[in-house]
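The primary structure of each chain is shown beneath.
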Amino acid sequence: MTAGLARGDDEAWSRFHRDYGPAIFRQLLAGTWGDHDLAGEALQLTYLRVARHARPCDSEPMFKGWLRVVARSVLNDCLRKRRSFRHLLQFWQKQPIETPEETEAERNLAAALARAMQELVDDDRALLEAKYYAGTPVRILAVQLQLSEKAVESRLTRARAELRRKLQSILARHG
Amino acid sequence: MANDSERHDRLIGETYHGDWADGPASSFAQNAARHARRLRRRQQALAGVAGAVLLMAVTAMLFPRAAAPSRPVVAPKIEVAAKAVAPAYEIISDQELLAEVRDRPLLAMRDSDDKMKVIVLAN
């Protein structure tokens, strides 16, 4: 896949986006304390940087580690543009250690996500858990709930919007 | 089967971007693919130019005479002198005409078209 990324192969990039994009976005969202606009901008820039520097690589752990470093580097650049030097220092004071493992901010985001899920109404939480944690396809959910697939998609959209509001609220309180 | 971390990632991604694989976020991947292709084309073009320059440099070193620029052929300059072409006739005033023909014999005659011709008989 990495060779395809370097070539600019659309299929390789779709696979990359599907398989690696969500983890990069989570890292960026955690690094921005839930600032999804900044995280989205950093995600796009991370992709462009990957496009510029991608080389064939056989080791997936190595590739994942490299992606984390690239994303962190892009995030630093974005923060430097947006924030004053003092804010940047505060950021590094909170996250002084650069490691390829999960950072404190990412653990906080995971905890906030769990809490936001708990705050959802039961139906929404059950639907999101079935879709994302159990990996149940929308088609099967529609049969189980005796709804059309479109109706299930609408419910999922509403549930995600509610989850997002709660998550933002939690991150804002603890950020 | 995706692990817990990947499921969380997917949930977070779709919470903020809607459908991750085919929604608005997929444009990030398309842009990146275009960017990569553009970079690749540029690199290939640069490599081609660099190769051509290298080949020319090697050729010039190995075959200096052949590669030396031939003596320029200078085309002979053909200068056409601008000659002042005298006009076929000149309009002069009556005074000038009289000054020209004064004391010189003239012959006035009509031709077949009944046009008058004046001929100066002596310079």
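Criteria and cut-off values
- Residues numbered from 1 in each chain as written.
- Chains lettered and ligands numbered in written order.
- Predicted model: local features only at pLDDT ≥ 70, side-chain atom pairs only at ≥ 80, totals over all residues.
- Heavy atoms only, no water.
- Helix = DSSP H or I, 4+ residues; strand = E, 2+ residues; numbered from the N terminus.
- Buried < 20%, exposed > 50% of the residue type's maximum accessible area, 1.4 Å probe, protein only.
- Salt bridge = Lys/Arg side-chain N within 4 Å of Asp/Glu carboxyl O.

## Some thoughts on unusual backbone geometry
Even without a glycine there, the phi angle at W33 of chain A is positive, about 55 degrees. Along the chain, W33 of chain A turns up in the loop between α3 (21-31) and α4 (36-53). Take W33 of chain A: its relative accessible area is 27%, and that puts it in the partly exposed class. Notably, D114 of chain B is not glycine yet its phi reads approximately 65 degrees, a positive angle.

## Comments concerning the pattern of salt bridges
Taken as a whole and judged by the stated rule, the model has 16 salt bridges over all chains. Here D122 of chain A ties to R125 of chain A by a salt bridge, and the two come within 2.7 Å at their closest N and O atoms. Taken together, the residues span about one helical turn, with D122 of chain A and R125 of chain A both in helix α8 (residues 122-133) at a distance of three residues. A salt bridge links R160 of chain A to E14 of chain B, with the shortest nitrogen-to-oxygen separation between them at 3.7 Å. Taken together, the positions of R160 of chain A in helix α10 (residues 149-174) and E14 of chain B in helix α1 (residues 4-17) put the pair across two chains. We classify R160 of chain A as buried; its relative accessible area is 7%. The exposure class assigned to E14 of chain B is buried, which follows from its relative accessible area of 3%. Among the charged side chains, a network of salt bridges with common partners joins R26, R68 and E106 of chain A together with D9 of chain B.

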